[in-house]
Amino acid sequence: MNCSSTASSPACAPSSSTSCSSSVTLSRSTGSAAWSVIGSTLLDRSYTDVLTVPRRTPTKLVMPGLWDCLAGGVLDEGEQPDDCAARELGEELGVSGIALEKLFVYPFDAAALGVDTGPGSGPHGLRAHVHVYQAFWDGPVVHQPSEVAEGGWWTMEQLRRRLGSPEYPWVPDGLWITRRWLAAGVG
């Protein structure tokens, strides 16, 4: 499957034979116009409508101090999206060794959407194919101090109420992805 769809048409449905990473240019540099590939995970408590929502530290280079319910980041060289999502979940929330369910791939193009992704995200803003996963965990969450300033378990009602609220400034790509996730009835 080709993931050259636009952000206004974010349908790169996952399947066992789909790999969107082969159709994009990988770049760790946020200053380039190349599309990045990101692995991100929504972490839910088992059998509940509760998920963890961390706030980025104010010292992060890109989108500092913003809220997001996705633990994720850019693929390392040679890394696959599944491995990246698992690594980032461990790094940011201290959770490892659990099954990740791939939900969808979302092509996020800040410039096409007219979204400001702020300093550090390059001249055209963030452009990434975001591989979104869901995982369930009832154990402790340990925030990495250099990445997460604070966070907690939110109910879906709290998430819907706070999503996009000025009191809870949100990571732009995470805002779009979370809204899509909620609209699809996945969460």
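In what follows, the structure referred to is the one given above.
In what follows, the accompanying structure is described. Just so it is clear, the structure is predicted and the values come from calculations on it, not from any experiment.

## Quick look at the pairing of strand 2 (residues 50-56)
Regular strands have side chains that alternate between both faces of the sheet.
Here is step 1 of the chain: With six of its seven residues buried, strand 2 lies for the most part within the structure.
Here is step 2 of the chain: By the bridge criterion, seven bridges tie strand 2 to strand 6 (residues 148-155) in an arrangement that is antiparallel. When the bridges of strand 6 are listed, L51 appears paired with W154.

## What about the side chain of E79?
Here is step 1 of the chain: Here E79 shows up in the loop between strand 3 (71-74) and helix 1 (81-93).
Here is step 2 of the chain: The exposure class assigned to E79 is buried, which follows from its relative accessible area of 12%.
Here is step 3 of the chain: Engagement of the side chain of E79 in a polar contact is seen with the backbone nitrogen of D76, the distance being 2.8 Å.

## Considerations on the pairing of strand 1 (residues 36-44)
Here is step 1 of the chain: For strand 1, a buried count of nine out of nine residues is recorded, marking the element as mostly surrounded by other parts of the structure.
Here is step 2 of the chain: Of the two faces of strand 1, the one holding S36, I38, S40, L42 and D44 and the one holding V37, G39, T41 and L43 are both buried throughout.
Here is step 3 of the chain: Looking at chain direction, strand 1 and strand 5 (residues 127-136) are connected through nine bridges and run parallel. Bridging from a neighbouring strand, V37 pairs with H129 of strand 5.

How each quantity is defined
- Along each chain, the written sequence defines residue order, and numbers are assigned to residues from 1.
- Side-chain atom pairs in this predicted model are given and counted only at pLDDT of 80 or more, local residue features only at pLDDT of at least 70, and totals for whole chains, interfaces and linings cover all residues.
- To get the side-chain values, take all heavy atoms of the structure and skip hydrogens and water.
- Exposure is judged per residue with a 1.4 Å probe applied to protein chains only, and the accessible area is read against the type maximum: over 50% gives exposed, under 20% gives buried, and values in between give partly exposed.
- A run of H or I in DSSP counts as a helix once it spans at least four residues, and a run of E counts as a strand once it spans at least two, with each numbered from the N terminus.
- We treat two strands as partners when DSSP finds at least two bridges between them.
- Here a polar contact is recorded for every N or O atom pair within 3.5 Å, except that within protein the pair must consist of a potential hydrogen donor and a potential acceptor, and residues adjacent in sequence are included only if both atoms are side-chain atoms.

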